[in-house]
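Examining the three-dimensional arrangement
Spelled out from the first residue to the last, the chains are:
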Amino acid sequence: MSQPFTQRHIGTDADAQSRMLAILGYDSVDALVNAAVPGSIQVDQFRVLGDSTLPPAATEREAIAELRTLADRNTVKRSMIGQGYYDTVTPAVIKRNVFENPSWYTAYTPYQPEISQGRLEALINFQTMIADLTGLSTANASMLDESTAVVEGMLLTRRASKSKSNRFIVDADALPQTKALLANRAAALGIDLVEIALADVSTGGAGQVATGAATVADLGEHFGIFVQYPGASGRVWNPAAVIAAAQAQGALTVVAADLLALTLITSPGELGADVAVGTSQRFGVPMGFGGPHAGYMAVRQGLERQLPGRLVGVSVDAVGHPAYRLSLQVREQHIRRDKATSNICTAQVLLAVMAGMYAVYHGPDGLKTIARQVHERAGQLVVALLAAGADVVTATFFDTVRVSSPGRAAEIVAAAADGGVNLHLVDADTIGISVDETTTLADLALVVGAFGGRESFGLVNFSMVEAGLPPELHRTSEFLTHPVFNTHRSETSMMRYLKRLADYDYALDRGMIPLGSCTMKLNAATEMEAVSWPEFGGLHPFAPRADVEGYLELVRQIETWLSDVTGYDSVSLQPNAGSQGELAGLLAIRGYHLSNGDAERLVCLIPSSAHGTNAASAVLAGMKVVVVACDELGNVDLDDLRAKIAVHADNLAALMITYPSTHGVYEHEVGAICRAVHDAGGQVYVDGANLNALLGFARYGDFGGDVSHLNLHKTFCIPHGGGGPGVGPVAAKAHLAPFLPGHPLAQSDEHYLLGAGGGAGVGAGAGSGDGSGGTIVHAGGPVSAAPYGSPSILPISWAYVRMMGAEGLKEATGAAVLAANYVAKRLDAHFPVLYSGDNGLVAHECILDLRPLTEATGVTVDDVAKRLVDYGFHAPTMSFPVSGTLMIEPTESEDLGEIDRFVEAMIAIKAEADAVASGRWPADDNPLHNAPHTAQSVIEGEWTHAYDRETAVYPVRSLIRGKYWPPVRRIDNAFGDRNLVCACPPPEAFE
Amino acid sequence: MADKTELQYTAEHEWVLVDGDTVTVGITAYAADKLGDVVFVELPAVGSDVAGGSVVGEIESTKSVGELFAPVTGTVAETNDAVVDSPELVNSDPFGAGWLIKVTYAELPPLLSYAEYSALVGE
């Protein structure tokens, strides 16, 4: 009999917990949490104890066996559907050393750059790759997917264009999912979308007549234009004239480009585009039924400050060595809030790293070879189809063609599926076929067979293959000339490069990452296991329903379980990041108000303590942000809330509140807050970022929440991946469920809806508390390119819930709250704990106020954070939500030994700060001021500091055997922002 | 560097040097210190009309963004190109080389004296 998984997941055992409880003065974990969580919101006020619909906890082996059964219900066929998703060969060295390596996948977003140089280098490789291939000057460190990247491109052109127009022109030959996203997002912001067949306009074809656009130069006034290159149909055409015409009247241009095609055809930058976007999926990242993959965005010089999301740049450290960091962070939502360039924060780092490494491994010549093989295979397909008498309508192509077969398209697609190949059914008369890196001649034979050409295929003369690319678009410019893309050709070299970068970084495989509001808990190996199974990785997001039944069942179960633990009635797994979950939730609120005829309800109240993403998301949902003050205890100021509600009563759309608050406290008055909003006709959005403090003890849906997003990459164990992937499901009460995100290409538009047991009367099923609720159609617009967002990582959260069960989840919450209160109690005498709630307790995290220390000693939050590196720790969250503080979240997964090691490090650092205050060490030459210390810094040259070398790097004896050495000294942030460099520096820079 | 005691101030932490029909505007040392290392400034176009109290530019540091308010209604007569090229001037010499814009105006609104501003920031 194996040990229950709960005991593997939770770091503190009964003995450790009783010692911690003794220090806090409580008899049991339940007693502690019950003292911290206000009684009025506790789950037993709302449901009968033991009424959970979650199945009892499975062992690790049982969970894997169940996942195996689900996987077996998926059918992996050869995918030739295309539409932005292509099968690809993940180099095994990348799969083993990155995708399946906790050194990469358990790292956090590189906000502490000194201990993140490995993934920052990997990301700057990615940025360099994107900038080179697109022919533009600066790329960011990934977008969520291609379609959201196009939306961000539209928003960028609106910000940066001088045009006063409200029109954005969309290429009629764009991917259907992109068109659907654009429509949804443009509607929220009042942008007028106009679809034009740009290729036809450009060449004087049929679309010109249909749209009434006389010439390229007469597209009408617009602030931006979007071109798909090559088109969704596969057509390759030269958009230079369209781009020039748009720019001539003040618009900016966005081109979505296929990265593999760009190795052979002229880059968007060379064609004059301002912005290029797309996906890097086909660079070695499995399709995964839609995600996660790294989208990309690159801009021409002059638009860097308009980029959304994270941007890696080069700066210098304290001794002048080059060092990477995140640049221009003030563009982002966590600083600029409602004025940010975007709401996205977590992106797709792990997948961007993989795609960048695919280019490192293959190099420019290797990529060109792959592209030529794909293109040649597409040419062979065309010859074979023509020989079979098929009507190929795409004259110029890279990897995709369309075939006209009036009235027979469905029949042909079905015949191909019978043979094991999925094609793209465009309409009743048209079939789309895409070739990729994995396509074989045998696959082509199957395709041609479906067209009735089984016999003719053997006779095809493949020497007749002609290139499908227009000669005028042959790429002549070089790319990926940097040595990093021309060095690691052997697997040995590649393996060592990946190891070297991984060794630069501090991830959960080294030690605790006590980042408040980030929930850096265990990402268990069993949870990861199924992610790389082909039955989860190898499916196209638009594969036929019959092929994806296992996935749909997995989705249904997770929807059911998440509804159960949050007290909501329906869940959408589509949002592929927390930011997108926020947006989806706010759009659902917007849809609900509109359906009630309340178009004027546009005010979104947001407490001043909220994460900046809330405000940025509200703006993108078309709402107007009104800030609500917090009182001196860090709680929402009820008087100010009531005053703001009174002022905006007729226009109140929603309140966004985080629970427990961003201050790490269970606000006592949350019920009153929700009631005040509801009484005024508003909806309550509860940000689920801190759900790890609540599971099993209270539920958002019970105490007043109408809708929430959850972060599966926090509470539900999806690893942070160094800054993504995330999954941000949105959960809602039944009245908002019809407005949750749908998708035009979804295999099923039916979603779980909890029956009457949840207190809601909508839906088909009768509620019985057994989770057998009815179903409902989510009919809102899409927020992600793929119908189920990033499904290939859902098995992680599925396994977590399956192995914990309702009791285990509650135990985890208890352990997390216990750990935070233990840290708060032990450190309070050294660093005052800023906020606490009922009975002086914190929730799952605590804020240490360093401002008095800074005042007294000059030692800053930065000094303490960087000094923790010398002690072998990742710093807590710095200056959020309160400037000059550290926020610590130990999570339930750390054992008492590691927690104590951290506490003792903090106490020792406080003593060091006191030594500075007492004058023993000068303010500008002490171990804090000079932290972190590299090996070089204590070895090279004469030691002239006021403290000794051992104090610098071995402040604790245990570090002698197990020392994490940062590769760089403290990084100069200002230098990096003033001298923006966002591509790989030349190797000489490091000499 | 201008004599701080001779300058006038706004509640938005800007200083104003009046010279005939033109004011020179910068942010105070207090504001520059609160912002931290300034890395980018965005200034209005010379010749553009600005309304008193409106946001006409931005001052970015590595960790936050400050807005530049026009202290008077008028026309932008000159902007400090040196500070656009070297934003660190805002930190190193806020009352001198770190000046931001000059605006010609018709009417001067009430401004704070040095003593009043010092009281405002508690110094």
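Given the structure is predicted, the values throughout are model-derived calculations rather than measurements. (Residues numbered from 1 in each chain as written. Chains lettered and ligands numbered in written order. Predicted model: local features only at pLDDT ≥ 70, side-chain atom pairs only at ≥ 80, totals over all residues.)

With respect to the overall build of chain B
To keep things clear, this is the line we draw: Put simply, DSSP H or I for four residues or longer makes a helix, DSSP E for two residues or longer makes a strand, and each gets a number counted from the N terminus. The quantity called the radius of gyration is restricted to C-alpha atoms. Its globule counterpart is 2.2 Å times the number of residues to the power 0.38.
Across its full length, chain B holds four helices and nine strands. In chain B, the order of α-helices and β-strands from amino to carboxyl end is β-β-β-α-β-β-β-β-β-α-α-β-α. Taking 123 residues into account, the globule formula puts the C-alpha radius of gyration at 14 Å, and chain B, at 13 Å, falls close to it. Principal axes of the C-alpha set define a box for chain B whose edges measure 35 × 35 × 25 Å.

Focus on the interface of chain A and chain B
What counts here: What counts as a contact here is a pair of residues whose C-beta atoms, placed from the backbone, lie within 7 Å. Only Asp, Glu, Lys and Arg are considered charged in this grouping, and only Ala, Val, Leu, Ile, Met, Phe, Trp, Tyr, Cys and Pro are considered nonpolar; every other residue, Gly among them, is considered polar.
Chain A puts seven residues into the contact, and the matching count from chain B is ten residues. Counting residues per element, the ones that place at least two in the side of chain A that touches chain B are α14 (333-336) and α34 (973-978) of chain A. Here the residues of the side of chain A that touches chain B are counted per class, giving three nonpolar, one polar and three charged.

Focus on the UniProt feature "modified residue: N6-lipoyllysine" (unreviewed entry) in chain B
Which entries qualify depends on this criterion: UniProt positions are given in the numbering used here, feature names are shortened, and annotations may be inferred rather than shown by experiment. Once C-beta atoms are placed from the backbone, each residue is buried if 20 or more other C-beta atoms lie within 10 Å of its own, exposed if 12 or fewer, and partly exposed for counts between those two.
Here, UniProt's "modified residue: N6-lipoyllysine" (unreviewed entry) annotation points to B:Lys63. Following the sequence through the fold, B:Lys63 ends up in the loop between β6 (55-61) and β7 (65-69). C-beta crowding within 10 Å serves as the criterion here: with 18 such atoms nearby, B:Lys63 is assigned to the partly exposed category. Here B:Lys63 is in contact with A:Ile335 and B:Gly36, once residues within four sequence places are set aside.

Thoughts on the UniProt feature "domain: Lipoyl-binding" (unreviewed entry) in chain B
According to UniProt, the "domain: Lipoyl-binding" (unreviewed entry) feature falls on residues 22-104 of chain B. Along residues 22-104 of chain B one finds 19% helix and 42% strand; the C-alpha atoms at either end are 4 Å apart.

Notes on the UniProt feature "modified residue: N6-(pyridoxal phosphate)lysine" (unreviewed entry) in chain A
Residue and element names in this part refer to chain A. The residues that UniProt annotates with the feature "modified residue: N6-(pyridoxal phosphate)lysine" (unreviewed entry) are Lys714. Following the sequence through the fold, Lys714 ends up in the loop between β21 (707-710) and β22 (730-732). C-beta crowding within 10 Å serves as the criterion here: with 25 such atoms nearby, Lys714 is assigned to the buried category. Setting aside residues no more than four positions away along its own chain, Lys714 makes contact with Cys518, Thr519, Ala689 and Asn692.

Observations regarding unusual backbone geometry
Residue and element names in this part refer to chain A. Following Gly724, the chain continues to Pro725 via a peptide bond in cis, the omega torsion being 20 degrees. Positive phi, close to 45 degrees, is recorded for Leu328, a residue that is not glycine. With respect to the helices and strands, the residue Leu328 is situated in the loop between β10 (322-326) and α14. Even without a glycine there, the phi angle at Cys717 is positive, about 75 degrees. Within the fold, Cys717 resides in the loop between β21 and β22. Exposure remark for Cys717: the 26 C-beta atoms within 10 Å place this residue in the buried category.

Observations concerning the sheet that holds strand β17 (residues 603-607) of chain A
Residue and element names in this part refer to chain A. Where we set the bar: By this definition, two strands are paired if DSSP reports at least two bridges between them. The angle between two axes is taken between their N-to-C directions and runs from 0 to 180 degrees, where each axis is a line fitted to C-alpha atoms and a helix contributes only its stretch in contact.
As summarised here, the arrangement of the seven strands in space is β16-β22-β21-β20-β19-β17-β18, forming an open sheet in which the pairing is mixed. One side of each edge strand has no neighbouring strand; the edge strands of this open sheet are β16 (570-572) and β18 (624-628). Between one strand axis and the next, the sheet turns by 25 degrees as a mean value, whatever way the strands run. Alignment of β17 against β18, held across five bridges, turns out to be parallel. Following the sheet pairing, Ile606 is matched in β18 by Val627. Relative to β17, helix α24 (residues 612-620) is tilted by about 175 degrees, and along the sheet it contacts β17, β18, β19 (652-658) and β20 (683-688). With respect to the sheet, helix α25 (residues 638-648) is in contact with β17, β18 and β19, its orientation differing from that of β18 by roughly 150 degrees.

Some remarks on the UniProt feature "domain: Glycine cleavage system P-protein N-terminal" (unreviewed entry) in chain A
The UniProt feature table records "domain: Glycine cleavage system P-protein N-terminal" (unreviewed entry) at residues 7-448 and 466-744 of chain A. Secondary structure within residues 466-744 of chain A divides into 33% helix and 12% strand; the distance between the first and last C-alpha atoms comes to 36 Å.

Considering the sheet that holds strand β26 (residues 877-878) of chain A
Residue and element names in this part refer to chain A. One open sheet holds the three strands; their spatial order is β25-β27-β26, and the pairing between them is antiparallel. Bordering the open sheet on either side are β25 (846-849) and β26, each of which pairs with just one other strand. Relative to strand β27 (residues 885-888), β26 is paired through two bridges, and the arrangement is antiparallel. By the bridge assignment for β27, Thr877 is matched with Met887.

As for the environment of A:Thr857
All names here are of chain A. With respect to the secondary-structure elements, Thr857 resides in helix α29 (residues 851-857). Along the sequence, Thr857 and Gln83 sit 774 residues apart, while their C-alpha atoms lie 60 Å from each other. Excluding residues within four positions of it along the chain, Thr857 makes contact with Ala913, Val916 and Ala917.

Regarding the environment of A:Val383
Residues and elements named next belong to chain A. Of note, Val383 is situated in helix α15 (residues 349-387). Spatially, the C-alpha atom of Val383 lies 58 Å from that of Val625, the residues being 242 residues apart in sequence. The residues contacting Val383, other than those within four sequence positions of it, are Val460, Phe462, Met464 and Val465.

Here we look at the packing of helix α28 (residues 794-827) of chain A against helix α31 (residues 896-917) of chain A
All names here are of chain A. As a reminder, the rule being used: Every angle not falling under 35 degrees, over 145, or within 65 to 115 is termed oblique; those three ranges are roughly parallel, roughly antiparallel and roughly perpendicular. A crossing counts as left-handed when the near helix is turned anticlockwise from the far one by less than a right angle, and as right-handed when that turn is clockwise.
Two elements in contact, α28 and α31, have axes separated by 10 Å at closest approach and are oriented at 25 degrees. The pairing of α28 with α31 is recorded here as roughly parallel in orientation. Handedness of the crossing formed by α28 with α31: right-handed. Note on element contacts: α31 touches α28 through Ile899, Val903 and Met906, opposite Ala819, Tyr822, Val823, Arg826 and Leu827. Among the residues forming the contact of α28 with α31, the class breakdown is seven nonpolar, no polar and one charged.

Things to note about the packing of helix α5 (residues 92-99) of chain A against helix α19 (residues 491-504) of chain A
Residue and element names in this part refer to chain A. Remark: α5 packs on α19, axes separated minimally by 10 Å, with the N-to-C direction vectors making an angle of 15 degrees. The angle between the axes of α5 and α19 places the two elements in the roughly parallel class. Taken as a pair, α5 and α19 cross one another with a handedness that is right-handed. The segment α5 lies against α19, with Val93, Asn97 and Val98 engaging Glu491, Met494, Met495 and Leu498.

Comments concerning the nonpolar core
Short version of the rule: The term nonpolar core refers to a set of buried Ala, Val, Leu, Ile, Met, Phe, Trp, Tyr and Cys residues connected through C-beta atoms within 7 Å.
Within the largest apolar cluster, 335 residues are counted, with the highest numbers of intra-cluster contacts made by A:Val353, A:Met354, A:Val447 and A:Ala588. Among the nonpolar cores identified, the runner-up in size contains 24 residues, and B:Val23, B:Val56, B:Ala70 and B:Leu100 belong to it.

What to know about the confidence of the model for chain B
Going by this rule: pLDDT: the predictor's confidence for each residue, scored from 0 to 100.
On average, chain B scores 94 in pLDDT, and the residues at 70 or more come to 98%. Interface confidence for the predicted complex, given as ipTM, is 0.90, next to a pTM of 0.96.

Focus: α5(A)
All names here are of chain A. Put simply, the rule is: The directions considered for the arc are those from the helix axis to the C-beta atoms.
Buried within α5 are the following residues: Ile94, Asn97, Val98 and Phe99. Seen along its axis, α5 keeps its buried residues to an arc of 160 degrees; they face one direction. Among the structural elements, α6 (102-105), α15 and α19 are those in contact with the buried residues of α5.

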